[in-house]
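Residue-level structural notes
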Amino acid sequence: MKVVLINPQIPPNTGNIARTCVANEIELILIGKIGFDLSDKALKRAGLDYWKYVKLKVYNSFEDFLSEVSDLKKLLFFSTHGKKLFWDAPYTEQSYLIFGSETSGFPKSFYKEYMRQMYKIPMKSNLVRSLNLATSCGIVVYEALRHITYDKIINNLIDSK
């Protein structure tokens, strides 16, 4: 599984997400206009001393990233504009969990091109536009891990019959 951030802008969010990735042996991919230097103190502080363990790839553009993706069905996008709920996403060990910028979300074209693969985290209140990016990423990563673990248990039970 991989976590993908498109145009991340806030260093502590990316640092916290990197830490979550290390904790779960997940690759972190940063794409596009990164709103900070990768040596930023706030980024390093949020990631603590785990940065040496981060499996990190950086791409200049989404097109560069896509050129290395073999199955576009493995792309799962998470946005407040998604029509389906995040716990219904078809998570696999090969999934790319993709999140947009904290300040502007995804590029506008994504909402048309990838809407079928776009999921949202529901919120009870309309007072909040969105959850923090690091929080959203943590919610989705652990839901994906829960799905994958559950699917393995079910498949093992079916195979043993």
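Structure first, text after, so check above.
All of the points below concern the structure found in this document. (Residues numbered from 1 in each chain as written. Predicted model: local features only at pLDDT ≥ 70, side-chain atom pairs only at ≥ 80, totals over all residues. Heavy atoms only, no water.)

**With respect to helix H1 (residues 11-23)**
Quick note on the threshold: A helix here means a DSSP run of H or I that spans at least four residues, while a strand means a run of E at least two residues long, and both kinds are numbered starting from the N terminus. To estimate how far a helix should reach, multiply one less than its number of residues by 1.5 Å. Partly exposed describes any residue whose relative accessible area lies between the buried limit of under 20% and the exposed limit of over 50%, with all areas from a 1.4 Å probe on protein chains only and scaled to the type maximum.
The end-to-end C-alpha distance of H1, which contains 13 residues, comes to 18 Å, matching closely the 18 Å that a straight helix rising 1.5 Å per residue would cover. All of the buried residues in H1 are Pro 11, Asn 13, Thr 14, Gly 15, Ile 17, Ala 18, Thr 20 and Cys 21. Looking one or two residues beyond H1, the residue adopting positive phi is Glu 25, at roughly 55 degrees.

**So, the pattern of salt bridges**
Quick note on the threshold: Here, a salt bridge means any Lys or Arg side-chain nitrogen found within 4 Å of an Asp or Glu carboxyl oxygen.
Applying the stated rule across the entire model yields three salt bridges. Linking Glu 27 and Lys 2 is a salt bridge whose minimum nitrogen-to-oxygen distance equals 3.0 Å. In this pair, Glu 27 sits in strand E2 (residues 27-31) while Lys 2 sits in strand E1 (residues 2-6), placing the two residues 25 residues apart along the sequence. The salt bridge involving Arg 146 is made with Glu 143; its shortest N-O contact spans 2.8 Å. Here Arg 146 pairs with Glu 143, and both are found in helix H5 (residues 133-159), just three residues apart, close to one helical turn. According to the relative accessible area criterion, Glu 143 is buried, its value standing at 12%.

**Some words on the layout of surface pockets**
Applicable threshold: Each cavity reported here is a set of points on a 1 Å grid over the protein atoms alone in which a 1.4 Å probe fits but cannot get out, each pocket an open set with protein on both sides within 12 Å along at least five of seven lines, and each lining residue one with an atom within 4 Å of a point. Grid points are joined across faces, edges and corners, and a volume is the space filled by probe spheres set on the points. When residues are sorted by character, Ala, Val, Leu, Ile, Met, Phe, Trp, Tyr, Cys and Pro go into the nonpolar class, Asp, Glu, Lys and Arg into the charged class, and all the rest, Gly among them, into the polar class.
Computed from the structure, the largest pocket encloses a volume of approximately 570 Å³. Around the largest pocket sit 26 residues that line it, and Thr 80, Ser 101, Glu 102, Ser 130 and Leu 131 are the ones nearest its centre. Elements with a contribution of two residues or more to the lining of the largest pocket: strand E7 (118-120) and H5. Class assignment for the residues of the lining of the largest pocket results in eleven nonpolar, twelve polar and three charged.

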